[in-house]
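Remarks on the overall topology
What follows is each chain in one-letter form.
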Amino acid sequence: MILNRKSIIIILLCFIFINCSNKDSTTIYPTGFVDPSDSSGGSGGSGGSGGSGGGDTTELDVQLMYPLDDQTKLFSTTWGAHQRTFIVHVPPNFDSNYSIPLLFVLHGYTSSATAIHSYSGFDQIADQENFIAVYVQGTTDLTGTTGWDVNVVGTFDGVDDVGFFKALIQYFKTDYNINSDKIFSCGMSLGGFMSYRLACELEEINGIGSVTGSHAVYYTCNPPNKKNIIHFHGNADAVVPYYGTSWSVPVETVHDFWANNNNCQDQSQITVPDFNNDGLQSTQFISYNCDENTDVVLYKMEYEGHTWFHQDWGDDLNSSELIWEFFKDK
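These notes cover the structure that comes with them.

Cut-off values and rules
Residues numbered from 1 in each chain as written. Predicted model: local features only at pLDDT ≥ 70, side-chain atom pairs only at ≥ 80, totals over all residues. Heavy atoms only, no water. Helix = DSSP H or I, 4+ residues; strand = E, 2+ residues; numbered from the N terminus. Phe/Tyr/Trp six-rings, centres within 6.5 Å; stacked < 30°, edge-to-face > 60°. Buried < 20%, exposed > 50% of the residue type's maximum accessible area, 1.4 Å probe, protein only. Polar contact = N/O pair within 3.5 Å; in protein donor to acceptor, adjacent residues only side chain to side chain. Contact = heavy atoms within 4.5 Å. Disulfide = S-S within 2.5 Å.

**Concerning unusual backbone geometry**
- The backbone of N177 sits at a positive phi, close to 55 degrees, despite the residue not being glycine.
- Along the polypeptide, N177 turns up in the loop between α4 (161-176) and β8 (183-188).
- For N277, which is not a glycine, the phi torsion comes out positive at approximately 55 degrees.
- Position of N277 among the secondary structure elements: in the loop between β11 (266-271) and β12 (283-288).

Quick look at the structure:
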């Protein structure tokens, strides 16, 4: 990634100004630096190599920090030079003798795992649909801001987030006996960028959901296999513009990329019902008849901004419910 200092400052200010005023803004459990000069990473994973986290995955030394309730716990581990935390919610009567799906849920820039755990509602969906929801905390950069290494904000360059998720997947396979064919990720804003990066680099990821995220311009995606993709984006988004910027790929271009990757043969457009009665109707693009029974779906939300879509907040649809409805049969 090549960004000059001025570009980084502009991006930082843009995200901070907008995100601090929306639903994805609270930072309660930031992840601090352990020691940036210590490549050993202490007692946990060493971080492996960068990029796709190739090679052998170091086993994580995961510690329980404290329970949030009977089904939800906060855990900590060390990866590379960072302490990493994540919230795990298991459905009622969880039994590791039976494999169930896993969903990573990733917060946006300046935000936290706690914030998206609170507003996304995936705990309730996991209880009904019988899957494990894991809310992963990003790292904190030198400015004290949380985020992900996705070739958008230069202060996160060099953090081996992909390697960390590869190690997390192995941890959940071993300790929770998750279904290896049903591992998904979704995220808000920069968390959507991170979910796309996981789809681009990790074969284990079956599908991803992005809410207001995209591909980074300064990043080349080479997917190891076919992926299921669902994306929600307002065409009035001023933070990650629908039609792209110098650092963010236009959303419909991203959709076409994954449709081509999956060798989809057909596409349809469906008008989303005006459930909120505001006189505006959004559009759903569906690329189908794809290889390996994959699908690529895009919701173009008319005159919507940078938000997690929820009918209780005045939107036409619930992105969380539609994300899992899309994933459950994949």
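**Observations concerning the packing of aromatic side chains**
- What the rule picks out here adds up to 26 aromatic pairs.
- With 5.9 Å between their ring centres and 50 degrees between their planes, F326 and F327 make a pair best called tilted.
- Here F326 falls in the buried class, since its relative accessible area comes to 11%.
- Every member of this aromatic cluster is reached through a ring pair, and the members are F75, W79, F86, F94, F104, W148, F164, F165, Y171, F172 and Y176.

**A few points about the side chain of D316**
- Mapped onto the fold, D316 is located in the loop between β13 (296-301) and α7 (319-327).
- Here D316 falls in the buried class, since its relative accessible area comes to 4%.
- Here the side chain of D316 touches F275 through a polar contact of 3.0 Å, landing on its backbone nitrogen.
- In this structure, D316 is in contact with V272, P273, D274, F275, N276, L280, S282 and Q311, ignoring residues within four places of it in sequence.

**Structural notes on the state of the cysteines**
- If you walk through the whole model with that rule in mind, you get 2 disulfides.
- Each disulfide pairs two cysteine sulfurs, and for C264 the partner residue is C290, the sulfurs being separated by 2.0 Å. The chirality of the disulfide connecting C264 with C290 is right-handed, given an S-S dihedral of about 105 degrees. On the criterion of sequence distance, the pair formed by C264 in the loop between α6 (251-261) and β11 and C290 in the loop between β12 and β13 is long-range, its members being 26 residues apart.
- With a relative accessible area of 17%, C264 lands in the buried category.
- If the cysteines joined by disulfides in the protein chain are listed in sequence order, their pairing comes out as 1-2, 3-4.

**Brief notes about the environment of R84**
- Position of R84 among the secondary structure elements: in strand β3 (residues 82-89).
- Sequence separation between R84 and T139 is 55 residues; the distance between their C-alpha atoms is 7.2 Å.
- From its side chain, R84 meets the backbone oxygen of Q137 in a polar contact 3.1 Å long.

So far we have only geometry, and geometry alone does not tell us how the molecule works.
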